[in-house]
Amino acid sequence: MANNNNRLLLQQATRALQDMKYEVASELGITPPSDGYWGFVSSFENGSIGGSITRKLVAFAQERLAEQTPEA
């Protein structure tokens, strides 16, 4: 049995992540399903969306860390 420990620390992030998913899909030219069910979207397309979201989140975190780190 799989143990899924993925959970959001802030519930407000749910909506932001959903919005980001649709934004990235649009940028990649992937048409989001009209009924909201992503199960019929290919794993390649879903992987592309997930990878792009991850890259954006990492870049965002790096920018925030750079803002907080004083230069030596």
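- The name recorded for the protein chain in an unreviewed UniProt entry is Alpha/beta-type small acid-soluble spore protein, from Alicyclobacillus fastidiosus.
- For the protein chain, the Function (unreviewed entry) comment in UniProt is given as "SASP are bound to spore DNA. They are double-stranded DNA-binding proteins that cause DNA to change to an a-like conformation. They protect the DNA backbone from chemical and enzymatic cleavage and are thus involved in dormant spore's high resistance to UV light."
- You can read under Sequence similarities (unreviewed entry) in the UniProt record for the protein chain the words "Belongs to the alpha/beta-type SASP family."

**Some details on the overall build of the protein chain**
- Within the protein chain one finds 2 helices and 0 strands.
- Since a compact globule built from 72 residues should have a radius of gyration of about 11 Å, the 15 Å found for the protein chain marks it as more spread out than a globular shape.
- Across its three principal directions, the C-alpha atoms of the protein chain cover 50 × 35 × 20 Å.
- For the protein chain, the residues scored as buried account for 12% of the 72 residues in total.
- Put simply, 47% of the contacts in the protein chain that link residues at least 6 apart link residues at least 24 apart.
- Within the structure as shown, the protein chain displays about 6200 Å² of accessible surface, and the carbon and sulfur contribution to it stands at 56%.
- In the protein chain, 6 positive and 8 negative side-chain charges are present, and the distance between their average locations comes to 6 Å.

**Digging into the side chain of serine 52**
- Positionally, serine 52 belongs in helix α2 (residues 43-68).
- The exposure class of serine 52 is buried, given its relative accessible area of 12%.
- A polar side-chain atom of serine 52 sits 3.3 Å from a polar atom in the side chain of arginine 55.
- The contact partners of serine 52, leaving out residues within four places of it in the chain, are Val24 and Leu28.

**As for the pattern of salt bridges**
- A complete count under the given rule lists 4 salt bridges for this structure.
- For the salt bridge of glutamate 27 with lysine 56, the shortest nitrogen-to-oxygen distance reads 3.1 Å. With a gap of 29 residues between them, glutamate 27 in helix α1 (residues 13-27) and lysine 56 in helix α2 connect regions that are remote in the sequence.
- With a shortest N-O distance of 3.2 Å, glutamate 67 and arginine 64 are connected by a salt bridge. You can see glutamate 67 and its partner arginine 64 sitting in helix α2, 3 residues apart, about one turn around the helix.
- A residue is classified by how much of its surface remains accessible, and arginine 64, at 34% relative accessible area, is partly exposed.
- Through salt bridges that share partners, Glu23, Glu27 and Lys56 make up one connected network.

**A short note on α2**
- Here α2 spans 37 Å end to end across 26 residues, near enough to the 38 Å set by a 1.5 Å rise per residue.
- By the burial criterion, the buried members of α2 are Ile49, Ser52 and Ile53.

**Here's the deal with the nonpolar core**
- Of all hydrophobic cores here, the largest spans 7 residues; its members are Val24, Ala25, Ile30, Trp38, Val41, Ile49 and Ile53.
- Only α1 and α2 provide two or more residues apiece to this core.
- Alanine 25 has contacts with Ile30, Pro32, Trp38 and Ile49, leaving out every residue within four places of it along the chain.

Criteria and thresholds
Residue numbers restart at each chain and count upward from 1, following the sequence in its written direction. Where local features are concerned, this predicted model is filtered to residues with pLDDT of at least 70; where side-chain atom pairs are given and counted, the filter is 80 or more; whole-chain, interface and lining totals use all residues. Water and hydrogen atoms play no part in the side-chain values, which are based on all heavy atoms of the structure. UniProt positions are given in the numbering used here, feature names are shortened, and annotations may be inferred rather than shown by experiment. Counting from the N terminus, the helices are the DSSP runs of H or I reaching at least four residues and the strands are the DSSP runs of E reaching at least two. Only the C-alpha atoms count toward the radius of gyration. The rule for a globule is 2.2 Å times the residue count to the power 0.38. Throughout this description, buried means an accessible area under 20% of the type-specific maximum (1.4 Å probe, protein chains only), exposed means over 50%, and partly exposed covers the range between. We call two residues in contact when some of their heavy atoms are within 4.5 Å. Exposure was quantified through the Shrake-Rupley algorithm and a 1.4 Å probe, taking into account, for residues, occlusion by the shown protein chains and nothing else. As used throughout, the charge tally considers Lys and Arg to be positive and Asp and Glu to be negative, leaving His and the chain termini uncounted. To locate a charge, take NZ of a lysine, CZ of an arginine, CG of an aspartate or CD of a glutamate. We define a polar contact as two N or O atoms separated by no more than 3.5 Å, with the added condition that, inside protein, one atom must be a possible hydrogen donor and the other a possible acceptor, whereas residues neighbouring each other in sequence contribute only through side-chain atom pairs. Criterion for a salt bridge: a side-chain nitrogen of Lys or Arg within 4 Å of a carboxyl oxygen of Asp or Glu. To estimate how far a helix should reach, multiply one less than its number of residues by 1.5 Å. Definition of nonpolar core: a set of buried residues of the types Ala, Val, Leu, Ile, Met, Phe, Trp, Tyr and Cys, connected through side-chain atoms within 4.5 Å.

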